[in-house]
Amino acid sequence: VVAVSLKKKAWLELNVERYEAAATAAREAVELFRRGGDERSALEVGAVLACADAFHGDLASARRRLAKLTQGAAESDSDSARFMVLLAEARVAEISGELSRAIELRRQSIDLARGFGLPGLVASVRSNLALVLDRAGERAAAVALARELLPEAERLGLGGVVRDCRQILDRAAPASS
């Protein structure tokens, strides 16, 4: 139970870009999952550590972690593990400024998220894509995606997705005099 709570905390902290807190929770969760023999969960939360490494400028370490995690996810044959690693790969690409790669990875993560049958998850991943498109200067694509996603996010009560969509749409609105 503690490991699961730490795993959730690690990903939540990562999502709000609190990398130190995310890494601390992730390290503790990995240790507990491994002690309990749950390598798949250890792998999934270990992806947070790759993102923290990238944030701290250690891209070599982040890429080494991602390579190990990708191999582990492939060996586990777990869509969940593959999804978590894909999210981490996208985040590392964003942090390192490889926005074209991040866009490609975000699109792949949407395809994988759809397989889980969770509309809120799909909306969240699509929102991340819209943000990366916006950051990469692909304004028209970001705005189109945000416009499409906003009503669904409001209907589902996804405050973070609504905020992200409105942020993109507000920047696209012409300045009034």
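Bear in mind that the values here come from a model prediction, so they are computed numbers and not experimental data.

(A) Highlighting the nonpolar core. Core analysis: the largest hydrophobic core is formed by 63 residues, its most contacted members being Trp11, Leu14, Val45, Val48, Phe83 and Val92. Look past the residues within four positions of Val45 in its chain and what remains in contact with it is Lys7, Ala10, Trp11, Ala26, Ala29, Val30 and Phe33.

(B) Spotlight on the packing of helix α7 (residues 119–135) against helix α8 (residues 139–156). Where α7 meets α8, the axes come as close as 9 Å, and the angle between the chain directions of the two elements is 155°. As far as their axial angle goes, α8 and α7 are roughly antiparallel. Note on packing geometry: the crossing formed by α7 with α8 is left-handed. Contacts from Pro119, Gly120, Ala123, Arg126, Ser127, Leu129, Ala130, Leu133 and Asp134 in α7 reach Arg139, Ala141, Ala142, Leu145, Glu148, Leu149, Glu152 and Leu156 in α8. When grouped by side-chain class, the residues that make up the contact of α7 with α8 number 10 nonpolar, 2 polar and 5 charged.

(C) Inspection of the pattern of salt bridges at higher detail. The final tally for this structure, using the stated rule, is 18 salt bridges. Put simply, Glu44 and Arg40 hold a salt bridge, and the shortest N to O gap is 2.5 Å. Here the residue Glu44 and the residue Arg40 both occupy positions in helix α3 (residues 39–55), the gap between them amounting to 4 residues, near one helical turn. For Glu44, a relative accessible area of 1% gives the class buried. Looking at Arg40, the relative accessible area reads 36%, which means it is partly exposed. When salt bridges that share partners are traced, they join Lys7, Arg40 and Glu44 into one network.

(D) Representation of the packing of aromatic side chains. Applying the stated criterion across every chain yields a total of 2 aromatic pairs. With a centroid separation of 4.0 Å and 10° between ring planes, the pair formed by Tyr19 and Phe55 is classed as stacked. With Tyr19 in helix α2 (residues 19–35) and Phe55 in helix α3, the pair connects residues that are 36 residues apart, well separated along the chain.

(E) Region of interest: the environment of Ala136. Along the chain, Ala136 turns up in the loop between α7 and α8. Along the sequence, Ala136 and Leu99 sit 37 residues apart, while their C-alpha atoms lie 6.0 Å from each other. Ignoring any residue separated from it by four or fewer positions in sequence, one finds Ala136 in contact with Leu99 and Ile103.

(F) Looking closely at the environment of Arg101. Mapped onto the fold, Arg101 is located in helix α6 (residues 99–114). Classification of Arg101 by relative accessible area gives partly exposed; the value is 33%. When sequence neighbours within four positions are dropped, the list of residues in contact with Arg101 reads Glu89 and Ala93. Of the polar contacts made by the side chain of Arg101, one reaches the side chain of Glu104; its length is 2.9 Å.

Each value, and the rule that gives it
- Residues numbered from 1 in each chain as written.
- Predicted model: local features only at pLDDT ≥ 70, side-chain atom pairs only at ≥ 80, totals over all residues.
- Heavy atoms only, no water.
- Core = buried A, V, L, I, M, F, W, Y, C linked by side-chain atoms within 4.5 Å.
- Buried < 20%, exposed > 50% of the residue type's maximum accessible area, 1.4 Å probe, protein only.
- Contact = heavy atoms within 4.5 Å.
- Axes fitted to C-alpha atoms, helices over the stretch in contact; angles between N-to-C directions.
- Helix = DSSP H or I, 4+ residues; strand = E, 2+ residues; numbered from the N terminus.
- Parallel < 35°, antiparallel > 145°, perpendicular 65-115°, else oblique.
- Left-handed = near helix turned anticlockwise from the far one by under 90°.
- Nonpolar A, V, L, I, M, F, W, Y, C, P; charged D, E, K, R; others polar.
- Salt bridge = Lys/Arg side-chain N within 4 Å of Asp/Glu carboxyl O.
- Phe/Tyr/Trp six-rings, centres within 6.5 Å; stacked < 30°, edge-to-face > 60°.
- Polar contact = N/O pair within 3.5 Å; in protein donor to acceptor, adjacent residues only side chain to side chain.

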